[in-house]
Structures are given as structure tokens and as C-alpha cells.
Amino acid sequence: MITTLLLLQSWQVQHAEPGALYIGLHAVDSSIVWASGTGGRVARTTNGGQTWVVTMVPGADSLQFRDLHAFSAAEAFVLSIGNGTDSRIYHTTDGGATWRLSFQNEDPNAFYDCFSFWDRQRGFAFSDSHDGAFTLIRTDDGGATWRRINPGAVPPARPGEGGFAASGTCVVTRPGGLGWFATGASAVDTRVIRTTDYGATWHESVTPILSRTSGEGLTSVAFWDDQRGAAFGGTLAGADSTYANVIMTRDGGASWTPTGGQALGGVVYGGSVVPGAATPTLVAVGPSGTARSDDDGMTWRTFSTANTWSVMFLSPSVGWAVGRGHISRFRPGEP
């Protein structure tokens, strides 16, 4: 069991795989959860994590699946990162028994970081910028085809600006066409860029998180509802840095303000809101561990030191995390 420091809360390792790194994570419900990672790995449970089945996507053994979006025990998409043709999206409709190549990037200047779906038909993916423009692609037919969103509808990019494929959560969607992506690495500032119409138009918001180097910026975005959300990030410089790494919005991402404290030393790779908690609760993960805030991000306490990249909660007692060598389920402990 991973070390616990707060109220006996902990991560209970359900699947241990030394040498593997799991990064993508999507919990459909309390029984069905998917995870993805290095070496073309995709893992799935249909019984809440009592058993996990790990498969390798054919032809993808050299790829890192950094993001995953699942709809059911049968259907899921995974996104791999990399320059040029290494950026791909695969689709399964039979629980991972077979996979279809849904999208393969042919632009040598594109590097896709994250994606998300509004529903089974509509979704979008986000790439780092090139020549002052972001590359966003969208599907309206369940991944059968993808087309580029008009760059003129997206705010211009700063030099070098892009995303961090640290947890598959630099992009998030909500019903009704709401969507956000988070940036960094610009040496100017960080931004959350949002849409309210399924990606037809986009609007920017500069955030308080700094981006002084290519290793600083925003990594993750999560929302409780259409208005209230949090964004996470920081610096890759080191786990001992005291860098502000959590910000909040209460107007759908139009404006962002710092929280009261630093969640983790160094950088937060992934963050999750905790739906249904008695108080506004956030969980942040990164190479230095897991931290939790039960007061809207004002104060934080670390309850694990395990190297963890992505996290997703469905309720105060149901959540999963993935990282270096592990897929783990939240153990609530004593109230």
C-alpha cells in the first residue's frame, strides 16, 4: 500500500507493473475504468478494479498513450503523443479486442497533447502551436473523420506556446458544447482558451500561473459544473520549488485567481474535482505524490508520495489514479 499521511486516506494499488508508466485515465462509472500508457498499453476493468486486463494496441508498441476517453466497457479512444505520425488516435468498440486507426497526424510540425469528447459523435484534440497558430482538430462523426478547426477562430499562439501531455487533462469538455484547453511553455504567460459552441469559436483568458520557460505552465483543467473549475500546473524544475500551481474560476474560465496555497512541490501533472463532496474538494497529483484540498484550494495536505500522473474522482469515495508502475483506487479511510 502507498504511504498515507492524512486520515488514513490512501491509494490502494490494484495493478502493479514495474517499468510501465500509466498516464491516460477515464472512469466511466464505479465499475468500468480504462487506463493507458507507454508501450502501447491499454488497461481496462469492468468490476471496479478487482481485476485488470492489459492489452497492447497492435502496431503501437513504441507509442505513449497519454490520453484516453471512454464511453462504455466496449468503446474507447486513446491518443498517442509525438512528432508527426506518432500523434495518433485509435478507437475500439469491442473492449479493446480490436482497434481502428481513427486519426494519424501527417503534419511534421504538430504534436498532439490531449483530447476530449462532448458526446459519442463530437470531440476535439489539441496540438502545440506552430508559426503563431494552434492546431485543433474536431470530429462530428464519432471519430470516423477529423478536420482542422479554422485557425482564424482560435486566438493566435505565443512563440513556443503549447500544452503538456502530462495527464491527458490539458483539455476538458462539458455538455452543451463547452470546452477548454490550457497552455504553457510560451515564456510570456499561460492561458485557458475556451469554447461554448463545440469549437466553432474560441476565447482566451490569461491566468496567474507563470510561463517563464518551456518547462512552466498549465497541465490540467477540471470543472465541477459549467462555471466553477480549477486549473493546475507549475514548473518542471524540481519537486522542491515553491511555485504557485493551482488557480480557480467561477465564471466558466473567463477569469482565474490563485488559490491560497501550493498543492504539491514542483509541478502538478493532473487534477480532479471531487463531485458530491460536502465542501469544494480538489485532488492534485504529480511525481512528488498526491495532495488534497477540502476548502476550495485554500489549504492542501499530502496523503501519498507515490509517483502519480493522472487522477479522476466520481464521488467522495470513488476515484482512481495512475502513474509510474501502478493503477490505484482511492481508499477513503476514516472520516
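Look above for the structure.
Scope of this entry: the structure provided in the associated data block. All residue numbers refer to position in the chain's written sequence, counted from 1. Local features in a predicted model are, by the rule used here, given only for residues with pLDDT of at least 70; side-chain atom pairs are given and counted only at 80 or more, and totals for whole chains, interfaces and linings are based on all residues. Excluding hydrogens and water, the side-chain values take into account all heavy atoms of the structure.

## Focus on the overall build of the chain
Here comes step 1: What counts as a helix is a DSSP run of H or I of at least four residues, what counts as a strand is a run of E of at least two, and both are numbered from the N terminus. A count of helical and extended segments in the chain gives 0 helices and 26 strands.
Here comes step 2: When we talk radius of gyration, it's over C-alpha atoms, and the globule rule is simply 2.2 Å times the number of residues to the 0.38. Here the chain has a C-alpha radius of gyration of 18 Å; the compact-globule value for 335 residues is 20 Å, and the two agree.
Here comes step 3: Based on the C-alpha atoms only, the size of the chain along its principal axes is roughly 50 × 45 × 35 Å.
Here comes step 4: In the chain, buried positions account for 60% of the 335 residues.
Here comes step 5: We call two residues contacting when some pair of their heavy atoms lies within 4.5 Å. Looking at the chain alone, contacts between residues at least 24 apart form 51% of all its contacts between residues at least 6 apart.
Here comes step 6: Only the protein chains shown count as covering a residue, and every accessible area follows the Shrake-Rupley method with a 1.4 Å probe. When the accessible area of the chain is evaluated, it comes to approximately 12200 Å², of which 51% is carbon and sulfur surface. Exposure classes here rest on a 1.4 Å probe applied to the protein chains alone. A residue is buried below 20% of its type maximum, exposed above 50%, and partly exposed in between.

## Some thoughts on the state of the cysteines
Here comes step 1: By disulfide we mean two sulfur atoms from cysteines, separated by a distance within 2.5 Å. Applying the stated criterion across every chain, the model contains 1 disulfide.
Here comes step 2: One disulfide in the model links C114 with C170; its S-S distance is 2.0 Å. Between C114 and C170 the sulfur-sulfur dihedral comes to about 115°; the bridge is accordingly right-handed. Of this pair, C114 sits in strand β9 (residues 112-117) while C170 sits in the loop between β12 (147-148) and β13 (171-174); the two residues are 56 residues apart in sequence, bridging distant segments of the chain.
Here comes step 3: Judged by its relative accessible area of 0%, C170 is buried.

## A short note on the sheet that holds strand β21 (residues 270-273)
The strands making up a sheet are joined through hydrogen bonds of the backbone, oriented either antiparallel or parallel.
Here comes step 1: Think of it this way: DSSP has to see at least two bridges between two strands before they count as a pair. One open sheet accounts for 4 strands, arranged β21-β22-β23-β24; its pairing is antiparallel. With partners counted over all chains shown, the strands left at the sheet margins are β21 and β24 (301-304), one partner each. Pairs of neighbouring strands in the sheet enclose a mean axial angle of 25°, with direction left out of account. Lines fitted to the C-alpha atoms define the axes, with helices restricted to the stretch that makes contact. Angles between their N-to-C directions range from 0 to 180 degrees.

## Considerations on the sheet that holds strand β17 (residues 216-223)
Here comes step 1: Overall, antiparallel pairing links the 4 strands, which are arranged β17-β18-β19-β20 in an open sheet. Looking at which strands have only one partner, the edges of the open sheet turn out to be β17 and β20 (257-258).
Here comes step 2: Relative to strand β18 (residues 229-235), β17 is paired through 7 bridges, and the arrangement is antiparallel. Counterpart to V221 in the pairing with β18 is A231.

## Side note on the packing of aromatic side chains
Here comes step 1: Pairing of aromatic side chains here covers Phe, Tyr and the six-membered ring of Trp, requires ring centres within 6.5 Å, and sorts the geometry by plane angle: under 30 degrees stacked, over 60 edge-to-face, intermediate tilted. Under the defined criterion, the tally for this structure stands at 23 aromatic pairs.
Here comes step 2: Considering the side-chain rings of F65 and Y90, the 5.8 Å spacing of their centres and the 85° angle between planes classify their relative orientation as edge-to-face. Separated by 25 residues along the polypeptide, F65 in strand β5 (residues 65-70) and Y90 in strand β7 (residues 88-92) bring together distant segments of the chain.
Here comes step 3: A residue is classified by how much of its surface remains accessible, and F65, at 0% relative accessible area, is buried.
Here comes step 4: Ring plane angle 65° and centroid distance 5.2 Å describe the contact between F124 and W202, whose orientation is recorded as edge-to-face. Taken together, the positions of F124 in strand β10 (residues 123-130) and W202 in the loop between β15 (190-195) and β16 (203-207) put the pair 78 residues apart, joining distant regions of the chain.
Here comes step 5: Residue F124 is classed as buried on the basis of its relative accessible area, which comes to 0%.
Here comes step 6: By the ring-pair criterion, three or more aromatic residues cluster together here, those being F71, F77, F103, Y112, F115, F117 and W146.
Here comes step 7: Counted as over-ring charges are cases with an Arg CZ or a Lys NZ within 6 Å of the ring centre that also lie within 35 degrees of the ring normal. The ring of W34 carries the charged tip of R44 above its face, separated from the ring centre by 5.8 Å.
Here comes step 8: Lying across the ring of Y198, R122 places its NZ or CZ 3.8 Å from the centre.

## With respect to the pairing of strand β1 (residues 10-27)
Here comes step 1: In the sheet, β1 pairs with strand β26 (residues 318-331) via 7 bridges, with the strands oriented antiparallel. Bridge pairing in β26 links Q12 to R329.
Here comes step 2: Hairpin connection of β1 to strand β2 (residues 33-37): 5 residues between the antiparallel strands.

## With respect to the pairing of β17
Here comes step 1: Counting buried positions over the 8 residues of β17 gives 8, a clear majority of the element.
Here comes step 2: The turn linking β17 back onto β18 is made up of 5 residues.

## Here's the deal with the side chain of T259
Here comes step 1: With respect to the secondary-structure elements, T259 resides in the loop between β20 and β21.
Here comes step 2: Overall, T259 belongs to the buried group, its relative accessible area being 15%.
Here comes step 3: At a separation of 3.3 Å, a polar atom in the side chain of T259 contacts the main-chain carbonyl oxygen of V246.
Here comes step 4: At 3.3 Å, the side chain of T259 and the backbone oxygen of G297 are in polar contact.
Here comes step 5: The contacts of T259, once residues within four sequence positions are left out, are V246, I247, M248, D296, G297 and W300. Any N or O atom pair separated by 3.5 Å or less is treated as a polar contact, with the protein-specific requirement of one donor-capable and one acceptor-capable atom, and with residues adjacent in sequence counted only for side-chain atom pairs.

## Digging into the pattern of salt bridges
Here comes step 1: Criterion for a salt bridge: a side-chain nitrogen of Lys or Arg within 4 Å of a carboxyl oxygen of Asp or Glu. Within this structure, the stated rule accounts for 14 salt bridges.
Here comes step 2: Several salt bridges share partner residues, and in doing so they unite R158, E161, D189, R191 and E204 into one network.

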